[in-house]
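Now for the letters of each chain:
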Amino acid sequence: MKLRRFVRQLHRWIGLIIAAQLVLWVVGGLVMSALRLEEVKGEDRIAARPVEPLATAGLLAPAQVVDAQGAPVSSLALVMLDGQPVYRLKAGAEQRLVDARSGARLSPVPRELAERLARADYAGPGEVAGVDWVDTPGLEYRERGLPLWRVRFADDRATAVYVSPATGDVVARRNDLWRVFDFVWMLHIMDYDGREDFNHPLLIATAASALLFLFTGLTMLVFSFRPTRP
């Protein structure tokens, strides 16, 4: 009887301590499973673009481009960007875009080009609502290298497309579904700062407490099937 009473009291106290987080885990799991990941990532509104043939006429030789950089070049690739051939390279610690015909440096990508690149990537119903230069850390682009161009679209999801001024790449797509998912994910992993760390002591301690809560509950269930003495 003493053991049964102890297990019951322990179960109650653990339940009182972690009840809110248990609710958040269940609700968070429900919300995240209900949202379509394709829509959360904005992949359903990525424009389907045909493969653009690589222009090769009148291009500078890669060696000429490398020699003109003034820093060791560790990578170089010829790509098409906004209908023009460009060399995308890394000189020292810096990524650069260079016109493949004239050798002129194209990075950082200007506002107008960033908007065109975002428009070409986007297949949703909204028009461009604004273009912002982002150079301070934020939750929507915490894992991306700053600075970035943010191109906002006036659609039903408040979509934002992030373009790297260094490479011209679309590096992130964010919308209201992603923002809901990210908030619920924060509550789920209990990382209220960076929203990425799921190995921190608070989460581990809470998960261990939840396991103990489950164990004490199962123990009480076993006790309930045992016949009591008259």
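Draft legend 1. Looking closely at the overall build of the protein chain. Regarding its fold elements, the protein chain presents six helices and seven strands. Computed over C-alpha atoms, the radius of gyration of the protein chain comes to 27 Å, more than 25% over the 17 Å expected from 2.2 N^0.38 for 230 residues, which places it beyond the range of a compact globule. Across its three principal axes, the protein chain shows a C-alpha extent of roughly 100 × 40 × 30 Å. Partitioning the intrachain contacts of the protein chain with sequence separation of at least 6 by distance along the chain shows that 51% fall at a separation of at least 24. Carbon and sulfur atoms make up 61% of the accessible area of the protein chain, which totals about 13,700 Å². Computing the positive centroid from 28 side-chain charges and the negative centroid from 26, the protein chain places the two 14 Å apart.

Draft legend 2. Local environment of the sheet that holds strand β1 (residues 73-81). Pairing is antiparallel in the open sheet, where three strands are placed in the order β1-β2-β3. Each edge of the open sheet is held by one strand with a lone partner, namely β1 and β3 (94-99). Averaged over all adjacent pairs, the angle separating strand axes in this sheet is 25°, with direction ignored. In this structure, β1 lies alongside strand β2 (residues 84-91), joined through eight bridges in antiparallel fashion. Residue pairing in the sheet places V73 in a bridge with A91 of β2.

Draft legend 3. Fine view of the packing of aromatic side chains. Applying the stated criterion across every chain, the model contains three aromatic pairs. When the ring of W133 is compared with that of W149, the centres are 4.8 Å apart and the planes differ by 70°; the resulting orientation is edge-to-face. With W133 in strand β4 (residues 128-134) and W149 in strand β5 (residues 148-153), this residue pair connects regions lying 16 residues apart in the sequence. The exposure class assigned to W149 is buried, which follows from its relative accessible area of 10%.

Draft legend 4. Seen up close, empty space enclosed by the protein. All told, the structure shown has one cavity of 30 Å³ or more when counted by the stated rule. In this model, the largest cavity occupies a volume close to 70 Å³. When its residues are assigned to classes, the lining of the largest cavity shows two nonpolar, three polar and five charged.

Draft legend 5. Quick peek at the side chain of T167. Tracing the backbone through its elements, the reader meets T167 in the loop between β6 (160-163) and β7 (170-174). With residues up to four places along the chain from it excluded, the contact list for T167 reads R88, Q95 and L97.

Thresholds applied
- Residues numbered from 1 in each chain as written.
- Predicted model: local features only at pLDDT ≥ 70, side-chain atom pairs only at ≥ 80, totals over all residues.
- Heavy atoms only, no water.
- Helix = DSSP H or I, 4+ residues; strand = E, 2+ residues; numbered from the N terminus.
- Rg over C-alpha atoms; globule rule 2.2 N^0.38 Å.
- Contact = heavy atoms within 4.5 Å.
- Areas by Shrake-Rupley, 256 points an atom, 1.4 Å probe, with all protein chains shown as cover.
- Lys, Arg positive; Asp, Glu negative; His and termini not counted.
- Charge placed at Lys NZ, Arg CZ, Asp CG, Glu CD.
- Pairing = 2+ DSSP bridges.
- Axes fitted to C-alpha atoms, helices over the stretch in contact; angles between N-to-C directions.
- Phe/Tyr/Trp six-rings, centres within 6.5 Å; stacked < 30°, edge-to-face > 60°.
- Buried < 20%, exposed > 50% of the residue type's maximum accessible area, 1.4 Å probe, protein only.
- 1 Å grid on protein atoms, 1.4 Å probe; cavity = no way out; pocket = protein on both sides within 12 Å on 5 of 7 lines; lining within 4 Å.
- Points joined across faces, edges and corners; volume = space filled by probe spheres on them.
- Nonpolar A, V, L, I, M, F, W, Y, C, P; charged D, E, K, R; others polar.

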